[in-house]
Amino acid sequence: MPITLSIAEKFTAAFVEEQRYMQYVNGFLNTLRITGGALLVGVIIGVLIAAVRTSFDKNKEAMKLKGGIGYYTLAVLNAICKVYLTVIRGTPVVVQLMIMYFVVFASSSNGVVVGILAFGINSGAYVAEIFRAGIMSIDEGQFEAGRSIGFNYVQTMRYIIIPQMFKAVLPTLLNEFIALLKETSVAGYVGVIELTKAGNIIGGRIFEYFIPLGIVALIYLVTVLILTALVSKVERRLKKSER
């Protein structure tokens, strides 16, 4: 006759016995490492792509009249950025992750680093559009103000437009961080023991999945609630500063 364990006994087996809580901790730390690293990579890619695309859109007609290598170089870079955005946004992140791990970095055994790169490249496509929308929302007078004090286009972007853009898109960027945090739950497909994978492993060892995965879901929920509260606080402060 099978032995039926109480909820308390199942929780003890899933969390306390053999210090299994440390597996959740280590898995959560890997989740945070991948999320933080991926967002950093995504921001770098996003800034570069947004700068290329907005530069081309805003200066296309003037550069086309002048001609020269500058126009064609920017046009080629803009086309490459469009292809990147189409491919990355049009394919599942788990497929991109597996291609990165099993094909591009097949010789690497560091799943965390591969995860950071894979999720970062994926996030970069979405962050680029966030930044692009932020730059396009800046009043054209700001560009004219930069030129009036002797800045060229790059200097105007660096010192005037991009700082304002970051302020405008910060809440959206934090929401991207929240979405990225949850997306990293598929990193276990390439052997990374992040939070979800840790819960799955523990469930297999104790032959009970409800409690371990319930703990995982609770950790995600609490983390997302904290981050959501942070986003709301940032949005309120930005609204006050605008007044």
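Check the entry above for the structure.
(A) Structural detail: the side chain of Glu208. Tracing the chain through its elements places Glu208 in the loop between helix H8 (195–206) and helix H9 (210–242). Classification of Glu208 as buried rests on a relative accessible area of 18%. From its side chain, Glu208 meets the backbone nitrogen of Phe210 in a polar contact 3.0 Å long. Contact partners of Glu208, with chain neighbours within four places excluded, come to Lys10 and Gly203.

(B) Region of interest: the packing of aromatic side chains. One pass over the full model with this rule turns up 6 aromatic pairs. Measuring from centroid to centroid gives 5.3 Å for Phe11 and Phe15, while their planes differ by 20°, and the two rings are stacked. A residue pair is termed a helical-turn pair when its members lie 3 or 4 positions apart in one helix, as Phe11 and Phe15 do in helix H1 (residues 7–16) at 4 residues. Using a relative accessible area of 38% as the deciding quantity, one classes Phe11 as partly exposed. Relative to Tyr159, the ring of Phe151 lies with its centre 5.6 Å away and its plane at 40°, an arrangement referred to as tilted. Looking at Tyr159, the relative accessible area reads 47%, which means it is partly exposed. Members of the aromatic cluster, connected to one another through ring pairs, are Phe11, Phe15, Tyr21 and Tyr24.

Rules behind the numbers
- Residues numbered from 1 in each chain as written.
- Predicted model: local features only at pLDDT ≥ 70, side-chain atom pairs only at ≥ 80, totals over all residues.
- Heavy atoms only, no water.
- Helix = DSSP H or I, 4+ residues; strand = E, 2+ residues; numbered from the N terminus.
- Buried < 20%, exposed > 50% of the residue type's maximum accessible area, 1.4 Å probe, protein only.
- Polar contact = N/O pair within 3.5 Å; in protein donor to acceptor, adjacent residues only side chain to side chain.
- Contact = heavy atoms within 4.5 Å.
- Phe/Tyr/Trp six-rings, centres within 6.5 Å; stacked < 30°, edge-to-face > 60°.

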